[in-house]
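# Coordinates in review
These are the residues of each chain, in order.
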Amino acid sequence: MKERAFFKKTFGPAWFIGGIFVIFAGMAVVFKAFGVPFQDTLKFYGGGIFFVYIPGRSLGWILRLETSRTAGVALSFVLGMITSTVVYKFSLFFDFVPAFYIWTGFCAVYFFFRMVKHPPRRKDFSFRLSVEGLVFAAILLLVFIVLVCDNYRNGLEKPDGSVVLNMHYYDGFLRNAVIRELSHSVPPQMPFAAGFPLSYHYGMDLFTSLFYRQLHIGVLDLNHRLLMTFFFFLLPLTSFVFLRDYSRSKGAALLGTFLILFGSGGLAYVATCLLGINQWGNIFYSFYFFNITSLNSFLPGLSILLAGFFCLFKYIREHRIAWLFPAALILSIVLEFKMFFIGPIMGALFVTGIVLFFCSRDAYVLKAGFLTLAFALPLALAASLSNRGGLSVDISFRFVDWIPEILTQLKLKGLLRAWQGLFYQEKVAPLYLLFFPVTVLLCLAGSFGLSLMAVPSLVRDFFRPKKRGFDRFFMGVFIGGCVLFFFFVHVTLSGMVRNFTNIYVFLLGAVLLTAAWSDVLFRFVKNKRTAVRIGLIFLVIIVSLPNTVRFMYYKVRYPQPRSFSAEFREAAAWMNRHSSKDAVIIHPDYLRYSCYFTDRRVVLDDSAHSYLDWHLSDLQRRERRHDIQAFFNDAVLNANILKKYNVSHIWLMRDSGFLSKTEENRFLECYGLISKNRFLKVQRMLHLERIFQNKDHIIYQVHEVPSDKKDVFVVEQKENGRVFKKFTPKVPSGNAGSGIK
């Protein structure tokens, strides 16, 4: 009786506001323990309120969205994040930043006007404890533990001024560089390959850059602690809200939220344990937990998608036009955060819409599809305009055979021979036909795990489309579309194979299948005895967790730390303060990661974390490597290379040998080759000035030589070095006074 009374007790506004204060104050203390100054945390809280929550809440009020308090908070954060990101993008795109402040200012005025005109009621700040609420709080606590064990410990400053980054399963360098690039250039160039436009989505990075540029909070603190916490807590919030509406069951919503966060989907650990297959890099499993914990836009993109599905299902069920606008807006802006998601989204909307229209004359889904397309077109147009002169995205529709890759990694030579014989030989052995379903089932089971048990239910709903069961029909179409997209859509970037990045769509299908599986499981155990119900759910959790547990163990146990010295950071900070925003740095091959710590571009950063094979062709990479090597082998005679890439600064190590070749002077002359037929003829083009040096690093600034001093010289090689003789053209005999100079 006391227990029941405890759960029925209502806690008033004082408890509610006090609890919120304790949570945020406690987080500030935790952030401080991991190196985030209190003032930066306060600025982040303020930015979250004025850049995100207030715009999102105001938009929800304007649209008159009526929903639960939890769903209202989730939608406010999602709507605020995506609208502020898009408004900020176009304000920078058209070089009119005040547009962003006009937007946030309007939202703030409306928010406070609405609060005064319709003040919140007491029940809006009251709450009751429930079993479901405590379980959800436990899930959030587990999220917090993961963040403390992994993300918060990354990018920390040591007492000597150096910074340590844990390189094991680290995907953050690319984000760091793009965020810095977006702080001064929209549309951006590739910070790791100056001169090329960034042919990619960058919504997550632009959102982070908003806090970096406007509030002056450090990139590493934003990426690893502040915004990572926001993104990581937003996913369970949107997952729970979506699944509770989809399944009409809080239990299924809680289980689905837990499995989406930590279940990973696949049974690859079985192959890892039995066959010794490396877990990382194995396409056999749908291990999306890596993308959740790393700095990958899969995390906010998934949160946005689930919020969009929540609004879409609300619109179809309630037939309230108010839900149409947020549904289409949210689903279209997924393009900005994870562009690979937009294909399955549009496909599922139009396939579902056409089927329901012919079956029941219901055009609601088609309306949502066309409005989503209308919202997505300006974003796609902006991306196309931003990519002028960049690498083209080529799409073809054909079977992309990943099965041999899977079988090779699984070391199943017999099945591999059967598969290749079935697809690549004219005569097919009958045994190969028997192996075909075994191979397909093996790959699906390894990828989706227990979630595969939801497929029969989805297939039944697919063949029984009806208005009331639209959501399950839509889920089946969407999940199937993700799998088909991965295996039958071949994507290349100027001829470079990019299909592996389509695995994000495959992983998305695994996430949604996990959501459907939680609903199917709870419907199955609904009428079972309590002990059986708890036992089955516990068994599902135990079988689904090993991938994640093993991944986190190795990530925390073997972080592979890399230290970036205080001298390196000093040089990077100096570049930020004393160079123009469009500055381009050239540095030797060994000096990597400079663009990840400065807000400046480099000719080429050849580190693994730049993913150059995804952004540049082999020819482009080789050309830049050759030019960099040629310049540092003979800087005096290679001004053409600096001009070619519009280089403004040269960054090198003191012990690189560069100075011994060019003399240790503060000022250096740099010449460009004109010809080398009978003799070497060069022109004075650039003037190099040493403007920074510390114990380990030196930075030169490149100056253009005035036109009247761009003399031409003939270079002769003497025993004691080069001799530059001023070149004077000979006047041909018989042409005196002809004006030739």
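In this report, we go over the structure that sits alongside the text. Residues take numbers from 1 onward in each chain, read along the sequence in its written order. Only residues with pLDDT of 70 or above have their local features reported here, since the model is predicted, and side-chain atom pairs are shown and tallied only from 80 upward, although totals for entire chains, interfaces and linings are computed over all residues. To obtain the side-chain values, all non-hydrogen atoms of the structure were included, while hydrogens and water were left out.

Both cavities and pockets are sets of points on a 1 Å grid over the protein atoms alone; in a cavity a 1.4 Å probe fits but cannot get out, in a pocket the set is open with protein on both sides within 12 Å along at least five of seven lines, and lining residues sit with an atom within 4 Å of a point. Grid points are joined across faces, edges and corners, and a volume is the space filled by probe spheres set on the points. Roughly 1,000 Å³ of volume is contained in the second largest pocket. Around the second largest pocket, the lining comprises 38 residues; the ones closest to its centre are L335, M339, I342, V393 and I395. Looking at the lining of the second largest pocket, the elements with two or more residues in it are α14 (324-337), α15 (342-360), α16 (364-386), β5 (393-397), α21 (470-488) and β6 (489-493). Only DSSP runs of H or I reaching four residues or more are called helices, and only runs of E reaching two or more are called strands; each is numbered from the N terminus. The dominant element in the lining of the second largest pocket, judged by the number of residues it contributes, is α16, at eight residues.

This brings us to empty space enclosed by the protein. Summed over all chains, the structure comprises four cavities of 30 Å³ or more. By volume, the second largest cavity amounts to about 60 Å³. As for the second largest cavity, its lining consists of L174, R175, V178, F192, L198, Y200, H201, D205 and H615. Looking at the lining of the second largest cavity element by element, the count peaks at three residues for helix α7 (residues 173-182). Note on residue categories: nonpolar means Ala, Val, Leu, Ile, Met, Phe, Trp, Tyr, Cys or Pro, charged means Asp, Glu, Lys or Arg, and polar means any other residue, Gly included. When its residues are assigned to classes, the lining of the second largest cavity shows five nonpolar, two polar and two charged.

Here, a salt bridge means any side-chain nitrogen of Lys or Arg that lies within 4 Å of a carboxyl oxygen of Asp or Glu. Throughout the structure, instances matching the rule amount to 23 salt bridges. The shortest N-O distance in the salt bridge between D599 and R180 comes to 3.1 Å. Of the two residues, D599 is situated in the loop between β9 (584-586) and β10 (601-602) and R180 in helix α7; the sequence distance between them amounts to 419 residues. Working definition: with a 1.4 Å probe on protein chains only, accessible area under 20% of the residue-type maximum means buried, over 50% means exposed, and in between means partly exposed. Taking relative accessible area as the criterion, D599 reaches 11% and is therefore assigned buried. Note on R180: relative accessible area 8%, which makes it buried. D711 serves as the salt-bridge partner of R684, at 3.2 Å between the closest nitrogen and oxygen. Residue R684 is located in strand β13 (residues 680-693), and its partner D711 is located in the loop between β14 (697-704) and β15 (712-718); the two are separated by 27 residues in the primary sequence. For R684, a relative accessible area of 18% translates into the label buried. In this structure, a network of salt bridges that share partners links the residues D245, R248, R317 and D471.

So, on to the sheet that holds strand β3 (residues 156-157). As summarised here, the arrangement of the three strands in space is β3-β4-β8, forming an open sheet in which the pairing is antiparallel. One side of each edge strand has no neighbouring strand; the edge strands of this open sheet are β3 and β8 (561-564). Pairing of strand β4 (residues 163-166) with β8, which is carried by four bridges, proceeds in the antiparallel orientation. In the sheet register, L165 faces β8, and the bridge partner there is R562. We call two strands paired when DSSP finds no fewer than two bridges between them.

With that settled, the discussion passes to the side chain of S294. Examined against the element boundaries, S294 turns out to sit in the loop between α12 (289-293) and α13 (298-318). Of the residues examined, S294 reaches a relative accessible area of 5% and is grouped as buried. Polar contacts, as counted here, are pairs of nitrogen or oxygen atoms within 3.5 Å of one another; within protein the pair requires one atom able to donate a hydrogen and one able to accept it, and residues that are adjacent in sequence qualify only if both atoms are side-chain atoms. A polar contact of 2.8 Å, which involves the side chain of S294, links it to the backbone oxygen of F290. Working rule for contacts: check all heavy atoms of both residues, and any pair within 4.5 Å makes them a contact. If sequence neighbours within four positions are ignored, S294 has contacts with Y169, D171 and M228.

Turning our attention to the packing of aromatic side chains. Pairing of aromatic rings covers Phe, Tyr and Trp, the last counted by its six-membered ring, and requires centre-to-centre distances within 6.5 Å; plane angles under 30 degrees mean stacked, over 60 mean edge-to-face, and any other angle means tilted. One pass over the structure, following the stated rule, counts 66 aromatic pairs. Ring centres 6.3 Å apart and planes at 35° place the aromatic pair F298 and Y504 in the tilted group. Of this pair, F298 sits in helix α13 while Y504 sits in helix α22 (residues 503-525), and the two are 206 residues apart along the sequence. As far as burial versus exposure is concerned, F298 and Y504 are alike and both buried. Summarising the aromatic geometry, the rings of F564 and Y593 are spaced 5.5 Å apart at their centres and angled 85° between planes, so their arrangement reads as edge-to-face. Residue F564 is found in strand β8, and its partner Y593 is found in the loop between β9 and β10; the two are separated by 29 residues along the sequence. Each member of the pair, F564 together with Y593, is buried. As a reminder, the over-ring test applies to NZ of lysine and CZ of arginine, requiring each to be within 6 Å of the ring centre and within 35 degrees of the ring normal. When the ring centre of Y504 is taken as origin, the NZ or CZ atom of K338, which lies over that ring, is 3.6 Å away.

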